[in-house]
Amino acid sequence: MDVALAWGDVAYLDCDVEGPNGHIFLEPRITETREVTVPVPRVDTGLCRHHGRCAEFCRYNAIAVLPTGWVLFDELCASCGGCSLACPEGAIREVRRRVGTLARGTLPGGAPFAEGALHTGEARAVPVIREVLREAPTDGDTILDSPPGASCPTLAVVEAAEGHARGVPLIVSRPPGSTRRQGSSWPDPARPRAVWTGSRPPPRGPGPWPAPAPRST
Ligand code: SF4
Ligand code: SF4
């Protein structure tokens, strides 16, 4: 955070949408807020024949078809759109569902600032993170404040950094035992810190990138 303040022309995007806190330290001036939405299916009762092809297609178990109705689990839906394609009756349409908010503005030095916030109870952070990443300026340097861990939200930010011409994912590890999972490909916190540039894969063999620990049975 101090780096961003001292470096007046560096943009800052808070992609840690489950607990954004950059605004506390950087005190940006927010100029716009908007809802982040995702498409989810809705079934037309007049067209549906209850044969269940939509539910068979869904790999996320977000649709259950019953003899006289359906149950849609919006929180499980990945918004892939496949169920509407699988329905031969054309009975599925999509509606927009709110999952988070995005705030944008400027840092005290004038550089761009954006922050996403996932709504309480929502499970899928990546759609909100993608909206934040859209705010990245096309030139200059940008700090992407990533979620912790090694799950999909974190990888979405790492991929965005790697896709940038000057992207440098900087991994800051915590002490051993606090967050590292067995089998994780992240660097061992007990070893020297490492910076992994987007154009260079982690080296193999001895060094700060050890082989994954064996999984316990
Ligand atoms: S595939 Fe279409 S018609 Fe068949 S159960 Fe699903 S919504 Fe109804
Ligand atoms: S959009 Fe995709 S994930 Fe959502 S209910 Fe349809 S098939 Fe399942």
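1. Examining the site of ligand 2
So, step 1. Taken together, 13 residues are adjacent to ligand 2, and Cys58, Ala62, Cys77, Cys80 and Cys83 come closest.
So, step 2. Of the residues belonging to the shell around ligand 2, the class tally is ten nonpolar, three polar and no charged.

2. Comments concerning the site of ligand 1
So, step 1. In the vicinity of ligand 1 lie 14 residues, with Cys48, Arg53, Cys54, Cys87 and Glu89 positioned nearest.
So, step 2. Along the lines of polarity and charge, the residues of the shell around ligand 1 split into eight nonpolar, three polar and three charged.

3. Thoughts on the environment of Glu18
So, step 1. Within the secondary structure, Glu18 sits in the loop between strand E1 (11–14) and helix H2 (22–26).
So, step 2. Each C-alpha atom, one on Glu18 and one on Pro153, is 9.8 Å from the other, the two residues being 135 residues apart in sequence.
So, step 3. Setting aside anything within four residues of it in sequence, one finds Glu18 in contact with Leu118, Ala125 and Pro147.

4. A look at the sheet that holds strand E6 (residues 112–118)
So, step 1. Here five strands make up an open sheet; going across it, the order is E2-E5-E6-E1-E7 and the pairing mixed. Both edges of this open sheet fall to strand E2 (29–43) and strand E7 (142–145), since each of them pairs with a single strand only. Shown here is a sheet whose adjacent strand axes are inclined to one another by a mean of 20°, direction ignored.
So, step 2. Strands in contact with helix H5 (residues 126–133) are E1, E2, strand E5 (92–106) and E6; relative to E6, the strand with the most contacts, it is inclined by about 170°.

5. Digging into unusual backbone geometry
So, step 1. Here the phi dihedral of His50 falls at roughly 60°; this positive angle occurs in a residue that is not glycine.
So, step 2. With respect to the helices and strands, the residue His50 is situated in the loop between E2 and helix H3 (53–57).
So, step 3. Residue class for His50 comes out partly exposed when judged on the 14 C-beta atoms lying within 10 Å of it.
So, step 4. In the Ramachandran plot, Ser79 falls in the positive-phi region, its phi being about 60° despite a non-glycine side chain.
So, step 5. Assignment of secondary structure puts Ser79 in the loop between strand E4 (69–72) and helix H4 (82–86).

6. Some details on the environment of Ile143
So, step 1. Turning to its location among the elements, Ile143 is positioned in strand E7.
So, step 2. The exposure class of Ile143 is buried, given the 20 C-beta atoms found within 10 Å.

7. Quick look at H5
So, step 1. Across the eight residues of H5, six count as buried, placing the element largely inside the fold.
So, step 2. Of the positions making up H5, those classed as buried are Pro127, Val128, Ile129, Glu131, Val132 and Leu133.

Basis of the calculations
- Residues numbered from 1 in each chain as written.
- Chains lettered and ligands numbered in written order.
- Predicted model: local features only at pLDDT ≥ 70, side-chain atom pairs only at ≥ 80, totals over all residues.
- Near = placed C-beta within 6 Å.
- Nonpolar A, V, L, I, M, F, W, Y, C, P; charged D, E, K, R; others polar.
- Helix = DSSP H or I, 4+ residues; strand = E, 2+ residues; numbered from the N terminus.
- Contact = placed C-beta atoms within 7 Å.
- Pairing = 2+ DSSP bridges.
- Axes fitted to C-alpha atoms, helices over the stretch in contact; angles between N-to-C directions.
- Buried ≥ 20, exposed ≤ 12 C-beta atoms within 10 Å, placed from the backbone.

The values are spatial; any link to function lies outside them.
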